[in-house]
Amino acid sequence: MRSHDSQPSGCTLFEQELVNAMNDFVNTAETPHFDTAVIERGARRKRATAIAGIATALVVACGAGTALAAGAVGSGSHTPVQTSAGSTDADSTTLLVRTSDGTTAKEQLAGVSAARARTALVHFGLTPTFTRVQKSDCKKQEDAVVALSPHAPTVVHAGDTVLVTTCYR
């Protein structure tokens, strides 16, 4: 033990020597360098990624349920228009999807918005590609689905790409 160090009352010689050794180490050790800007950027990036992931999950979960409900309700109220070729305009906006359990789901996308169509297609594991055509008679809204490719009676599977055509005035 050092003779010049004062010994606090209640400490043993061993405890005082241990305190002195720790003080010597602290006084000679290098100070660690923290780059706070890098740490802050990393934390922001992680937070932004988490928020984006949660938002995407909510949009897919809520949007898919809404799209499926709208498809179930809308499919009964839509009356297809007969064309001269004998097919209907509903055929060009009806999507038949083979699900993972082997059944075929029917999704009617006539007149729904591009955002709702994207949500429904992503729900089925399909890759949507969008094009726009100019039409003066966009019935319900601008940016409404007017055609799908491939469409009924062709059945698509998860991983397939579906071309969605929307209209604008």
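Everything here concerns the structure above.
Cut-off values and rules
- Residues numbered from 1 in each chain as written.
- Predicted model: local features only at pLDDT ≥ 70, side-chain atom pairs only at ≥ 80, totals over all residues.
- Heavy atoms only, no water.
- Buried < 20%, exposed > 50% of the residue type's maximum accessible area, 1.4 Å probe, protein only.
- Helix = DSSP H or I, 4+ residues; strand = E, 2+ residues; numbered from the N terminus.
- Salt bridge = Lys/Arg side-chain N within 4 Å of Asp/Glu carboxyl O.
- Pairing = 2+ DSSP bridges.
- Core = buried A, V, L, I, M, F, W, Y, C linked by side-chain atoms within 4.5 Å.
- Contact = heavy atoms within 4.5 Å.

Caption draft 1: Inspection of helix H3 (residues 114-123) at higher detail. Turning to H3, its buried residues number three or more, namely Ala 114, Ala 117, Thr 119, Ala 120 and Leu 121. Following H3 by one or two positions, Gly 125 adopts a phi angle in the positive range, close to 80°.

Caption draft 2: Molecular detail of the pattern of salt bridges. Evaluated as defined, the whole model comprises 1 salt bridge. Here Glu 40 makes a salt bridge to Arg 44, at a shortest N to O gap of 2.5 Å. Taken as a pair, Glu 40 and Arg 44 lie in helix H2 (residues 36-77) at a separation of 4 residues, close to a single helical turn. Exposure remark for Glu 40: the relative accessible area of 42% places this residue in the partly exposed category.

Caption draft 3: Highlighting the pairing of strand E2 (residues 104-108). Looking at chain direction, strand E1 (residues 94-98) and E2 are connected through 5 bridges and run antiparallel. By the bridge assignment, Val 97 is partnered in E2 with Ala 105. Counted along the chain from E1 to the antiparallel partner E2, the turn is 5 residues long, and its residue Gly 102 has a positive phi close to 95°.

Caption draft 4: Structural view of the nonpolar core. The biggest cluster of nonpolar side chains holds 15 residues, and the ones touching the most others in it are Leu 95, Leu 109, Leu 121, Leu 126, Val 145, Leu 148 and Val 162. Of all the elements in the fold, those that place two or more residues in this core are E1, H3, strand E4 (145-149) and strand E6 (161-168). Those residues in contact with Leu 126, other than ones at most four positions away along the chain, are Leu 95, Val 97, Leu 121, Val 156, His 157, Ala 158, Gly 159, Asp 160 and Val 162.

As far as function goes, none of this settles anything; it's purely spatial.
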